[in-house]
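Coordinate inspection notes
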Amino acid sequence: MIRTQMPSAPPTDEIYERYLRKAISEINELQQELLAIADETHVPVLGSGHPLADIFLLKHAPQQAEITEGVAFFGRSGNALLKSLQRLDVDPLAIYGTNCLKFGTEDDAQARPWLTRELHIVQPKLLIVMGEESSRFLDALEFPLADQLSDRDVGVLHRFTPTIEAIVTPDIDGALDDQGAKTAFWNAFKELGPWWAELPPY
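Residues numbered from 1 in each chain as written. Predicted model: local features only at pLDDT ≥ 70, side-chain atom pairs only at ≥ 80, totals over all residues. Heavy atoms only, no water.

Side note on empty space enclosed by the protein
In plain terms, the rule: Whether a set of points on the 1 Å grid over the protein atoms alone is a cavity depends on a 1.4 Å probe fitting there but being unable to get out, while an open set qualifies as a pocket with protein on both sides within 12 Å along at least five of seven lines; lining residues are those with an atom within 4 Å of a point. Grid points are joined across faces, edges and corners, and a volume is the space filled by probe spheres set on the points.
All chains considered together, the criterion is met by one cavity of 30 Å³ or more. Roughly 50 Å³ of volume is contained in the largest cavity. If you trace the largest cavity, you find it lined by Ile27, Leu30, Gln31, Leu34, Leu46, Gly47, Tyr96, Lys102 and Glu118.

See below:
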């Protein structure tokens, strides 16, 4: 009897590279669509970070520095988060960050499909949802199999979907000029540390 040798499965790193190429292509496509509807007074603020990140940072609307550069989390909020990630020993290369609103002027109904696409592309393991407006915006997506995050306790690990967990924090942009607000944000955000430490090393 002749035995037919089964084709060997692609190495894990090759599979990952295929997913990464696909994610990069889809993120680029989304960004091109946003740029195509921009004009001189409405410039999109694009998501930034790893397209297959474990951790997805979400805040509500871009600030002036982000609008000027066209990049989410550029400026004070990004610098504050980078210091927080370093303090928690979390790899910044495992992060993707974006705003619910890409222009800061569009209505929620227009913006929701863009965030839904980002979540499907990145497929994160953890969402960090910053502020009540972001929680309400995320709930309104009606993301498949998702639990509602509005009115959930901050700084606590919650289920979002069967494959994604979430931590709700205060709004980072509103916390930068008040020491009490900074402390409240940090106390919620630092829950990321134990979650990251327990992530399998692969």
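From this point, things continue past the structure.
Section: the environment of glutamate 118
Going by this rule: Starting at the N terminus, helices and strands are each numbered in turn, a helix being any DSSP run of H or I of at least four residues and a strand any DSSP run of E of at least two. To sort residues, take the accessible area from a 1.4 Å probe on protein chains only and compare it with the maximum for the residue type: under 20% means buried, over 50% means exposed, and anything in between is partly exposed. When checking whether two residues touch, look at their non-hydrogen atoms; a contact exists if any pair is within 4.5 Å. What qualifies as a polar contact is a pair of N or O atoms within 3.5 Å, subject to a donor-acceptor requirement within protein and to the restriction that residues adjacent in sequence count only when both atoms come from side chains.
With respect to the helices, strands and loops of the structure, glutamate 118 is situated in helix 4 (residues 108–122). Taking relative accessible area as the criterion, glutamate 118 reaches 2% and is therefore assigned buried. Taking the C-alpha atoms as reference points, glutamate 118 and alanine 80, separated by 38 residues in sequence, lie 23 Å from one another. Among all residues touching glutamate 118, those that are not within four sequence positions of it are Leu30, Gly47, Phe56, Tyr96, Thr98 and Lys102. A distance of 3.0 Å separates a polar atom in the side chain of glutamate 118 from a polar atom in the side chain of threonine 98. Only 2.4 Å separates the side chain of glutamate 118 from the side chain of lysine 102, close enough to count as a polar contact.

Section: the sheet that holds strand 3 (residues 95–99)
Here is the rule: Following DSSP output, two strands are said to pair if at least two bridges run between them.
Strand order in the open sheet made by the six strands is 1-3-2-4-6-5, with mixed pairing throughout. Lying at the two open borders of the sheet, with one neighbouring strand each, are strand 1 (48–49) and strand 5 (157–159). Judged from the five bridges that link them, strand 2 (residues 55–59) and strand 3 form a sheet pairing that is parallel. Across the sheet, residue isoleucine 55 finds its bridge partner in strand 3, namely isoleucine 95.

Observations regarding the pattern of salt bridges
Where we set the bar: The working definition used for a salt bridge is a side-chain nitrogen of Lys or Arg within 4 Å of a carboxyl oxygen of Asp or Glu.
If you walk through the whole model with that rule in mind, you get eleven salt bridges. For the salt bridge of glutamate 14 with arginine 18, the shortest nitrogen-to-oxygen distance reads 2.8 Å. With glutamate 14 and arginine 18 both in helix 1 (residues 12–36), this residue pair falls four residues apart, about one helical turn. Given the relative accessible area of 34%, glutamate 14 is considered partly exposed.

Section: the layout of surface pockets
To locate leftover empty space, one rolls a probe as large as a water molecule over the atoms. Size it by volume and the second largest pocket reaches roughly 270 Å³. Lining the second largest pocket are 17 residues, with Ser48, Leu57, Phe73, Gly78 and Ile95 positioned closest to its centre. Secondary structure elements with two or more residues in the lining of the second largest pocket: strand 1, helix 3 (76–88) and strand 3. Ranked by residue count, the leading element in the lining of the second largest pocket is helix 3, at five residues.

Structural notes on helix 5 (residues 132–140)
When helix 5 is considered as a whole, its buried residues turn out to be Ser134, Ser135, Phe137, Leu138 and Asp139. On its buried side, helix 5 packs onto strand 2, helix 4, strand 4 (126–130) and strand 6 (165–169). Just downstream of helix 5, glutamate 142 is the residue with a positive phi angle, here 50°.

A closer look at the packing of aromatic side chains
Which entries qualify depends on this criterion: In this scheme Phe, Tyr and Trp rings, the latter by its six-membered ring, pair at centre separations within 6.5 Å, and the angle between planes marks the pair as stacked below 30 degrees, edge-to-face above 60, and tilted otherwise. Placement of a charge over a ring requires the Lys NZ or Arg CZ to be within 6 Å of the ring centre, with the centre-to-atom vector within 35 degrees of the ring normal.
On inspection of all chains with the given rule, the structure shows four aromatic pairs. A ring pair is formed by phenylalanine 143 and phenylalanine 160, whose centres lie 5.9 Å apart and whose planes are at 25°; its orientation type is stacked. Remark: phenylalanine 160 occurs in the loop between strand 5 and strand 6 and phenylalanine 143 occurs in the loop between helix 5 and strand 5; sequence separation between them is 17 residues. Among the residues examined, phenylalanine 160 registers a relative accessible area of 1% and is labelled buried. Judged by centre distance (5.4 Å) and plane angle (20°), the rings of phenylalanine 185 and phenylalanine 189 are stacked. Placement of the pair is phenylalanine 185 and phenylalanine 189 together in helix 6 (residues 179–189), with a separation of four residues, close to one helical turn. Phenylalanine 189 matches phenylalanine 185 in its accessibility class, with the two residues each being buried. Stacked on the ring of phenylalanine 73, the Lys or Arg lysine 59 has its end atom at 5.4 Å from the ring centre. Over the aromatic face of tryptophan 186 sits the side chain of arginine 87, whose NZ or CZ is 4.2 Å from the ring centroid.

Overview of the pairing of strand 6
Regular strands place their side chains on alternate faces of the sheet. Counting buried residues along strand 6, four of its five residues qualify, which places the element largely inside the surrounding structure. In sequence, strand 5 turns back onto strand 6 through a hairpin of five residues.

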